[in-house]
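What follows is each chain in one-letter form.
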Amino acid sequence: MIAVQHLVKEYGKFRAVDGVTLDVKPGEIHGFLGPNGAGKTTTMRMIAGLLKPSSGRILVDNHDLDTEPEAAKGALGFIPDRPFIYDKLTAAEFLRFHAGLYGMSNGMVEGRVHEMLDLFELRQWENELIESFSHGMKQRLVMSSAFFHRPRAVAVDEPMVGLDPRGARLIKDVFRRMSERGVAILMSTHTLEVAQEMCHRISIIQKGRIIAQGTVDEVKQLAGSADDEHLTSVFLKLTGGSGLQEIDEI
Amino acid sequence: MRSDAPSPALVMSGSRRTVSFPYLLLPAIWASRNRVRRRERGDSLRGLLFGSIGLVVVVALASGSYWLARQVSAYEEFGDYLLRLGLSWLFLSFLAFLAFSGVVTALSSFFLADDLRLLMTTPVAARRLFFARFVRTLAAASWMVVVFMVPVLVGVGLGRHAPAAFYIASLTTIAPFATIPVALGSACTLAVVNIFPARRARDLLMLMGLLFAVGIVLLLRFIQPERLMHVESLPDIADFFATLQSPITPMLPSFWAGESLFAGIKGGVDWLHQAALWTTAGAFTVLLGWAHERWHFPGYSRSQEAPKTRFARFVALDALAAVLPLSDVRRQLLVKDVKVFLRDVSQWVQLLPLVALVLLYLYNFRVLDLERIPYMSGFVKNVYAFVNLGMAGFVMATVAVRFVFPAVSAEGAAFWIIRTSPISMHDFLWSKFWTALAPVLIFTELLTIAANLLLGVDPFLQVVAAGAIIVLTFALVGLATGLGARYPRFGADATQAAGSYGGVMFMILAVLLIIVTIALVGWPASIYMMSKAGQYRWRLTPDRQAIIVITLSMVVAICIATWRVAMRSGVRALDAMRG
């Protein structure tokens, strides 16, 4: 559903993304992990159509993002790490506008607005300006807009940042149910517990290259870790250094 | 949860129904409506103030152009010639302004606007996004010109008893006329953004702003408007306007616009020039749309990239700060504020047009033959010292509201560093004050002294004006710093902070203070000048000497009180924030 083939992004002589290949199948939750500055957000932004790749191909629902950008974007829901929302619109107005952007006809929109606001527990704030929302509420509103047009695939960058435990559980439930209904989800995250708990497969990126890919168990095997070892230590083994030495030196 | 399975009806491939471009303007319309519905404190005051100023300007423009049109109509055919050239000249000036404005506005609306991060991920056709953004760019770049042109053209129409055709021609002329230079400016931005990295592109466009300001100054000097000050015969005026003509003039949209409107005044329609305007505007829009479809996404993508940029280290500033008799806290705050300001090209470049205008103001005094202008000679010339004082005061108020008032707000999301540090709010705010005071004082003091020297104002008045500017600077910078701390807008940029409730309050108080200062300085100064002119009634008796001393002391007292009270109030407000 989301197919990334040999993706490269260069900034001058610096390769931020170096030949990344991913395939997220329908119904799969795919974790995209890596240290800071590894190239996760750059990759996600290319998939969303915000950055132009230097080379490589991105397909969403079999539509090439380069040659059929509207069809590819229409099949994708994107949740960025720093989302933009119109502060002076109300939550309902924002969702209605979003519906229009995705070509949804008016008859379907009102019911869907209430459905999504109910789902993300924002119904009572329906007619409030977004500028008065907390960070977590804004995050939930962005998620409701990403799922609003019933996308076939979702790319989400750091979904749990700023969410309280209740909000985090809600998002996890939504992702699981979307995945059960065949939506492909590519999720970039630093929260390894979430990745371990939710993802069918993971990819670990470092210095722009994919260094490990597969199910959590497959990645553990690749790292030579025991089955009961936590993903955090596997991640640190693969990306180099435990980090503890550096902490001691501070 | 209800079924969220992807529905073919909603997720169409290939044949997706994409929105029309006016739909993309909806958030701005809805946001404006919401703003009106949920007015914030100070919105009415701000609306009243700016509305009144706008009304006065509109009436003045309409009256001025009406008067000019009446005067010119007295010369029949020659008057028609002058009116034609005048209209062409007016449009020529706007042509340059609109092109530059188009460059800057297009950078923001096509490449740097925050909502592009949302829109670029949605299935909106590139061409429709272009049209929506171009309408926005056109509106933002040309509204000032339209607001200026409407009263001017109404004044001309009334002055020449123009038929309805003139007003219709005005509408059908301004729209395509504005489109052409804005499209050209947008094309220039598209090219620059695709060639240079975004940050350098922004600096480059700012540099273009500087060149534009300098160009305007040179243009004004080149056509020597002071020649109009010693008009002995009408041919001089004709020569003046003829300077503006060149072989390429008939090829410019400004000429077509002038000719179209002149035909309207005569009751006719200039189909040729109207067609030239509309076809050129249409062609430019289509070509720009085509170019955007090909190069907007690569340019937008570049504008998201953040390559390493070169920046000035300001070693001299560090060295200077090290020798200043300041505490470590104040030294670090000073260095931080100055470096942040100087490294943000978009901030300091806004001073350049102001500096250009001030230099032009001073240069005019140097080149004008004042003795030949009756009202500028003798005693009345000294009164002009107070015009200079007022001018310096208003320049200072403008600089203060734009650069000093937002000083606390400019800390923005980083204000937590100050609030959690062992720094008193008193030290923090006074550091802001001293950092702003030095450049503002030097600039306005030099402006006042230079203008009065060039005018040849009486030495006593020169000293009084120079002294008044010192105390006025303390008062206005203190007022701006204090009110900026009382009414901070941490989430807003500097321009938004300047236009906020606190910014408007500052401008009102600043104007009142300037008027009071001029009145209190002007009264004793006029007594002195009368007595010096040898008028018996105005002899400098001990009583009058006392009045001079008292009124000048009052100026000092009022300014010091304003400064101290505003600063104290600002410190208190910041302390209260700490809770």
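So, how was this worked out
Residues numbered from 1 in each chain as written. Chains lettered and ligands numbered in written order. Predicted model: local features only at pLDDT ≥ 70, side-chain atom pairs only at ≥ 80, totals over all residues. Helix = DSSP H or I, 4+ residues; strand = E, 2+ residues; numbered from the N terminus. Rg over C-alpha atoms; globule rule 2.2 N^0.38 Å. pLDDT = per-residue confidence, 0-100. Contact = placed C-beta atoms within 7 Å. Domains from an automatic or database assignment. Nonpolar A, V, L, I, M, F, W, Y, C, P; charged D, E, K, R; others polar. Pairing = 2+ DSSP bridges. Axes fitted to C-alpha atoms, helices over the stretch in contact; angles between N-to-C directions. Buried ≥ 20, exposed ≤ 12 C-beta atoms within 10 Å, placed from the backbone. Right-handed = clockwise from strand over helix to strand, strands pointing away. Expected span 1.5 Å × (residues − 1). Parallel < 35°, antiparallel > 145°, perpendicular 65-115°, else oblique. Left-handed = near helix turned anticlockwise from the far one by under 90°. Core = buried A, V, L, I, M, F, W, Y, C linked by C-beta atoms within 7 Å. Bend = angle between axes of the 7 residues up to and from the residue.

1. Some details on the overall build of chain A
Part 1: In terms of helices and strands, chain A carries 10 helices and 10 strands.
Part 2: Taking 18 Å as the expected radius of gyration for a compact globule of 250 residues, we find that chain A reaches 19 Å, a close match to that expectation.
Part 3: Structurally, chain A occupies a C-alpha span of about 55 × 40 × 35 Å along its principal axes.

2. As for the confidence of the model for chain B
Residue and element names in this part refer to chain B.
Part 1: Residue-level pLDDT values for chain B average 81, and 81% of them are 70 or greater.
Part 2: In the model of chain B, helix 8 (residues 234-242) stands out as the element of lowest mean pLDDT, 55, in contrast to helix 18 (residues 459-486), which has the highest, 93.
Part 3: Confidence drops under pLDDT 50 across residues 1-15; counting only partners more than four residues distant or on other chains, this segment forms 29 contacts.
Part 4: As scored by the predictor, the complex reaches a pTM of 0.72 and an ipTM of 0.83.

3. Description of the domain arrangement of chain A
Interfaces are often sized by the amount of accessible area the parts lose when they come together.
Residues and elements named next belong to chain A.
Part 1: With domains assigned, chain A is organised as domain 1 (2-75 + 152-249) and domain 2 (83-150).
Part 2: For domain 1 versus domain 2, the distance between C-alpha centres works out to 26 Å.
Part 3: Every contact between the two is made by nine residues of domain 1 and, on the other side, nine residues of domain 2.
Part 4: No other element matches the four residues that helix 6 (residues 165-180) contributes to the side of domain 1 that touches domain 2.
Part 5: The residue inventory of the side of domain 1 that touches domain 2, partitioned by class, reads five nonpolar, three polar and one charged.

4. Some details on the interface of chain B and chain A
Part 1: Taken together, the contacts link 39 residues of chain B with 40 residues of chain A.
Part 2: Of the residues that constitute the side of chain B that touches chain A, the class distribution is 20 nonpolar, nine polar and 10 charged.

5. A word on the sheet that holds strand 10 (residues 209-214) of chain A
Residues and elements named next belong to chain A.
Part 1: Read across the sheet, six strands follow the order 6-7-8-3-9-10 without closing on themselves; strand pairing throughout is mixed. Unpaired on one side and paired on the other, strand 6 (76-79) and strand 10 mark the two borders of the sheet. When strand polarity is set aside, the average angle formed by the axes of neighbouring strands in this sheet is 15°.
Part 2: Here strand 6 runs beside strand 7 (residues 153-157); their pairing, made up of four bridges, is parallel. Residue pairing across strands places Ile79 opposite Val156, the latter belonging to strand 7.
Part 3: Against the sheet, helix 9 (residues 231-239) contacts strand 3 (29-33), strand 9 (201-206) and strand 10, and its axis sits at roughly 35° relative to strand 9.

6. Focus on the environment of A:Ser233
Residues and elements named next belong to chain A.
Part 1: With respect to the secondary-structure elements, Ser233 resides in helix 9.
Part 2: For Ser233, a count of 15 C-beta atoms within 10 Å translates into the label partly exposed.
Part 3: A C-alpha to C-alpha distance of 29 Å links Ser233 and Met46, two positions 187 residues apart in sequence.

7. What to know about the environment of A:Val142
Residues and elements named next belong to chain A.
Part 1: Secondary-structure assignment places Val142 in helix 5 (residues 135-148).
Part 2: Judged by the 22 C-beta atoms lying within 10 Å of it, Val142 is buried.
Part 3: Not counting chain neighbours up to four residues away, the residues in contact with Val142 comprise Ile79, Pro83 and Ile85.

8. Re the sheet that holds strand 2 (residues 14-24) of chain A
Residues and elements named next belong to chain A.
Part 1: The antiparallel open sheet is built from four strands, whose spatial order is 2-1-4-5. Only two strands of the sheet have a single partner each, and these edge strands are strand 2 and strand 5 (63-64).
Part 2: With eight bridges joining them, strand 1 (residues 2-11) and strand 2 adopt antiparallel strand pairing. When the sheet's bridge partners are listed, Leu7 is paired in strand 2 with Val20.
Part 3: Sitting on the sheet, helix 1 (residues 40-48) touches strand 1, strand 2 and strand 4 (55-60), and the angle it makes with strand 1 is about 115°.

9. Quick look at the pairing of strand 7 of chain A
All names here are of chain A.
Part 1: Of all five residues in strand 7, five are buried, a share of seventy percent or more.
Part 2: Of the two faces of strand 7, the one lined by Ala153, Ala155 and Asp157 and the one lined by Val154 and Val156 are each fully buried.
Part 3: Relative to strand 8 (residues 184-188), strand 7 runs parallel, the two sharing five bridges. Bridge pairing in strand 8 places Ala153 opposite Ala184.
Part 4: For the handedness criterion, the β-α-β arrangement of strand 7, helix 6 and strand 8 is classed as right-handed.

10. Description of helix 2 (residues 43-73) of chain B
All names here are of chain B.
Part 1: Look at helix 2: 44 Å from first C-alpha to last across 31 residues, which is about the 45 Å you get at 1.5 Å a residue.
Part 2: Buried within helix 2 are the following residues: Ala62, Ser65, Ala69 and Val72.
Part 3: Those residues of helix 2 that are buried lie in contact with helix 3 (76-112) and helix 5 (126-159).

11. Looking at unusual backbone geometry
All names here are of chain A.
Part 1: Located in the positive-phi region is Arg150, a residue other than glycine, with phi close to 55°.
Part 2: Residue position: Arg150 is located in the loop between helix 5 and strand 7.
Part 3: Judged by the 23 C-beta atoms lying within 10 Å of it, Arg150 is buried.
Part 4: Although it is not a glycine, Glu158 adopts a positive phi angle of roughly 50°.

12. Digging into the packing of helix 3 (residues 91-101) of chain A against helix 5 of chain A
Residues and elements named next belong to chain A.
Part 1: Between helix 3 and helix 5, whose axes approach to 10 Å, the crossing angle comes to 30°. Regarding the angle of helix 3 to helix 5, the classification is roughly parallel. Once helix 3 is placed against helix 5, the crossing between them reads as right-handed. Contacts between helix 3 and helix 5 pair Ala91, Phe94, Leu95, His98 and Ala99 from the former with Leu141, Ser144, Ser145 and Phe148 from the latter.
Part 2: When grouped by side-chain class, the residues that make up the contact of helix 3 with helix 5 number six nonpolar, three polar and no charged.

13. Side note on the nonpolar core
Part 1: If you look at the biggest cluster of nonpolar residues, it comprises 139 residues, and the most contacted ones within it are A:Ile2, A:Val60, A:Ala153, A:Ala155 and A:Ile185.
Part 2: If we skip the residues at most four places from it in the chain, A:Ala153 touches A:Met1, A:Ile2, A:Val24, A:Val60, A:Asp61, A:Ala75, A:Leu76, A:Val183 and A:Ala184.
Part 3: In terms of nonpolar packing, the next biggest core, distinct from the first, is built from 65 residues, B:Phe403, B:Ala497, B:Trp563 and B:Leu574 among them.

14. Section: the environment of A:Pro35
All names here are of chain A.
Part 1: For Pro35, the position within the fold is in the loop between strand 3 and helix 1.
Part 2: Residue class for Pro35 comes out partly exposed when judged on the 18 C-beta atoms lying within 10 Å of it.
Part 3: With 24 residues separating them in the primary sequence, Pro35 and Tyr11 have C-alpha atoms 19 Å apart.
Part 4: Look past the residues within four positions of Pro35 in its chain and what remains in contact with it is Gln206 and Thr239.

15. Quick word on the packing of helix 3 of chain B against helix 6 (residues 164-195) of chain B
All names here are of chain B.
Part 1: The geometry of helix 3 relative to helix 6 is characterised by a closest axis approach of 7 Å and an angle of 45° between their N-to-C directions. It follows that helix 3 is oblique to helix 6 by the angle criterion. When you trace helix 3 past helix 6, the crossing you get is right-handed. Judged by residue contacts, Phe91, Leu95, Leu98, Ala99, Phe100, Ser101, Gly102, Val103, Ala106, Leu107, Phe110 and Phe111 of helix 3 engage Phe177, Ala178, Pro181, Val182, Leu184, Gly185, Ser186, Cys188, Thr189 and Val193 from helix 6.
Part 2: Here the contact of helix 3 with helix 6 is built from residues that sort into 17 nonpolar, five polar and no charged.

16. Observations concerning helix 5 of chain B
All names here are of chain B.
Part 1: The first and last C-alpha atoms of helix 5 sit 47 Å apart over 34 residues, in line with the 50 Å expected at 1.5 Å per residue.
Part 2: Within helix 5, the axis deviates most sharply at Ser142, by approximately 50°.
Part 3: Just past helix 5, the residue His161 takes up positive phi, approximately 50°.

17. Notes on the pairing of strand 8 of chain A
Part 1: Counting buried positions along strand 8 of chain A gives five out of five residues, so the element sits mostly inside the fold.
Part 2: Side chains A:Ala184, A:Leu186 and A:Ser188 of strand 8 of chain A all project onto a buried face; the interleaved residues A:Ile185 and A:Met187 project onto the opposite face, where all are buried too.

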